[in-house]
There are 2 protein chains.
Amino acid sequence: MRALVFLVPGFEEIEATTIIDVLRRCDIDVTVAGQSDLLVEGGHGMKIAADQLIMEVDVSDFDAVICPGGGLGTENLRKNQRVLDIVKSAFESNKLVAAICAAPAVLSDAGLLKGKRCTIYPGMESELEKGEGIPIEDIVVVDGNIITSRGPATALRFALQIAEKLMGKQVAEEAGNRMLVPIAIK
Amino acid sequence: MRALVFLVPGFEEIEATTIIDVLRRCDIDVTVAGQSDLLVEGGHGMKIAADQLIMEVDVSDFDAVICPGGGLGTENLRKNQRVLDIVKSAFESNKLVAAICAAPAVLSDAGLLKGKRCTIYPGMESELEKGEGIPIEDIVVVDGNIITSRGPATALRFALQIAEKLMGKQVAEEAGNRMLVPIAIK
């Protein structure tokens, strides 16, 4: 299984890192796609290396496309037409599309949330409603091939849910156990 | 307040990122010190930029020194005499010294855990006992100026505990609220 994770300036570092780390622990081949540089600065000054540029992405290479959040990071994703095209194309090919924190707004903009149960960072629910999504208060919400979640503290649950969808419950559970999820998180 | 975070090859990405992100959210000035390069590869292939090299660190600049874990990352910290000298010097100056996952073994090697309550990744308790530490099963353990914790899923609690010690309960609590800790983590 192959997953694409976007990395644009202002991305939320815990969210991006947790997604990439957890999926790789589950033997998913993760490609990190940077906006215009191969070293991308997050919302809290951390610079993380990307593997390729978003403009070079061929969506047919991937089984899942994932948007980390962050305030500025989400703005940058929303302004990037290539990102909107990639998530739309992935969704229409029935690939997994996932977003966390403010970034479910990207899926809303791309028109993927019509009639879908979904969630977002608290207070941003109107962004989901603009795209005719149905806001839900759960930590992680799965509806068909869309997975959404709410913020840094929910990133581990979100990443494990993506892993479960791609690799099965046992693989995700074993990775969660090694990361001490059962002793640390509800 | 100023904190130093070590970044050596094989570091656990979620742990390192969570520490740096949370402390910066709490307005702590964080310096990331790399082993021999300013771009350091973690245990799951993520490359993260450091601000300076460990050999250049002046411990008197910092109020706290923090060791992220990871299997190979901890081995590399333990083999680095400069790291052992820095944590020892920080401890003796009554600065905060903290380690998570396998990395409390570094504090044990440096002789900081004698008679101290502390914790480590499950199954590694003998590493604490070698340094005459007292293993405790809690998610985060504070004893004087030593804070220890257990693994990726406990990193957020660990980082918030460090922030609380440096900046006070209110600052840490507000940062935790914005990261959605109350809805996501016990």
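The present account deals with the structure reproduced in this document. If you're wondering where the values come from, they're calculated on a predicted model, not measured in any experiment. (Residues numbered from 1 in each chain as written. Chains lettered and ligands numbered in written order. Predicted model: local features only at pLDDT ≥ 70, side-chain atom pairs only at ≥ 80, totals over all residues. Heavy atoms only, no water.)

1. Digging into empty space enclosed by the protein
Empty space among the atoms becomes apparent when a probe as large as a water molecule is rolled across them.
So, point 1. With the rule as written, the count across this model stands at one cavity of 30 Å³ or more.
So, point 2. What the largest cavity holds in volume is close to 110 Å³.
So, point 3. Together, 14 residues line the largest cavity, and Ile14(A), Pro152(A), Leu156(A), Pro152(B) and Leu156(B) are the ones closest to its centre.
So, point 4. Contributions of two or more residues to the lining of the largest cavity are made by α1 (13-25) and α6 (155-167) of chain A together with α1 (13-25) and α6 (155-167) of chain B.
So, point 5. The residue makeup of the lining of the largest cavity, split by class, is 12 nonpolar, two polar and no charged. (1 Å grid on protein atoms, 1.4 Å probe; cavity = no way out; pocket = protein on both sides within 12 Å on 5 of 7 lines; lining within 4 Å. Points joined across faces, edges and corners; volume = space filled by probe spheres on them. Helix = DSSP H or I, 4+ residues; strand = E, 2+ residues; numbered from the N terminus. Nonpolar A, V, L, I, M, F, W, Y, C, P; charged D, E, K, R; others polar.)

2. Description of the pattern of salt bridges
All names here are of chain A.
So, point 1. Inspection of every chain in the model, using the stated rule, returns 18 salt bridges over all chains.
So, point 2. One salt bridge in this structure joins glutamate 92 and lysine 88, with 3.5 Å as the shortest N-O distance. Separated by four residues within a single helix, glutamate 92 and lysine 88 lie in helix α3 (residues 81-92), roughly one turn from each other.
So, point 3. Residue classification places lysine 88 among the partly exposed residues on the basis of a relative accessible area of 39%. (Salt bridge = Lys/Arg side-chain N within 4 Å of Asp/Glu carboxyl O. Buried < 20%, exposed > 50% of the residue type's maximum accessible area, 1.4 Å probe, protein only.)

3. Things to note about the layout of surface pockets
Residue and element names in this part refer to chain A.
So, point 1. Of the volumes computed, that of the largest pocket is approximately 290 Å³.
So, point 2. Lining of the largest pocket is provided by 14 residues; of these, Arg157, Leu160, Gln161, Glu164 and Val181 occupy positions nearest its centre.
So, point 3. Elements supplying a minimum of two residues to the lining of the largest pocket: α6, α7 (169-178) and α8 (181-184).
So, point 4. No other element matches α7, which puts five residues into the lining of the largest pocket.

4. Remarks on the pairing of strand β11 (residues 146-149) of chain A
Residue and element names in this part refer to chain A.
So, point 1. Judged by which residues are buried, β11 turns out to be covered on both faces: Ile146 and Thr148 on one side and Ile147 and Ser149 on the other are all buried.
So, point 2. Strand direction decides the pairing type here: strand β7 (residues 96-100) and β11, joined by four bridges, are parallel. Across the sheet, the residue bridging to valine 97 is isoleucine 146, located in β11.
So, point 3. In the sheet, strand β10 (residues 140-143) pairs with β11 via four bridges, with the strands oriented antiparallel. Counted as the bridge partner of valine 141 is threonine 148 from β11.
So, point 4. Hairpin remark: β10 followed by β11, antiparallel, with two residues in the connecting loop; positive phi at glycine 144, about 60 degrees. (Pairing = 2+ DSSP bridges.)

5. Topic: the pairing of strand β1 (residues 2-7) of chain B
So, point 1. Across the six residues that make up β1(B), a large majority, five, are buried.
So, point 2. Between the parallel pair β1(B) and strand β2 (residues 29-34) of chain B, the chain is carried across by α1(B), and the sense of this crossover is right-handed. (Right-handed = clockwise from strand over helix to strand, strands pointing away.)

6. Overview of unusual backbone geometry
So, point 1. Not every positive phi belongs to a glycine, and Asn94(A) is a case in point at roughly 60 degrees.
So, point 2. Along the chain, Asn94(A) falls in the loop between α3 and β7.
So, point 3. Phi at Glu132(B) takes a positive value of approximately 65 degrees, unusual for a residue other than glycine.

7. Observations regarding the interface of chain A and chain B
So, point 1. In this complex, chain A contributes 35 residues to the contact, which on the side of chain B involves 35 residues.
So, point 2. Our enumeration of links across chain A and chain B arrives at two salt bridges.
So, point 3. Measuring nitrogen to oxygen at the nearest pair gives 2.9 Å for the salt bridge that ties Arg25(B) to Glu12(A).
So, point 4. The interface formed by chain A and chain B includes 15 residue pairs in polar contact (both at pLDDT 80 or more).
So, point 5. Contributions of two or more residues to the side of chain A that touches chain B are made by α1, β4 (47-49) and α8 of chain A.
So, point 6. If you tally residues by element for the side of chain A that touches chain B, the top one is α1(A), at nine residues.
So, point 7. When grouped by side-chain class, the residues that make up the side of chain A that touches chain B number 20 nonpolar, six polar and nine charged. (Contact = heavy atoms within 4.5 Å. Polar contact = N/O pair within 3.5 Å; in protein donor to acceptor, adjacent residues only side chain to side chain.)

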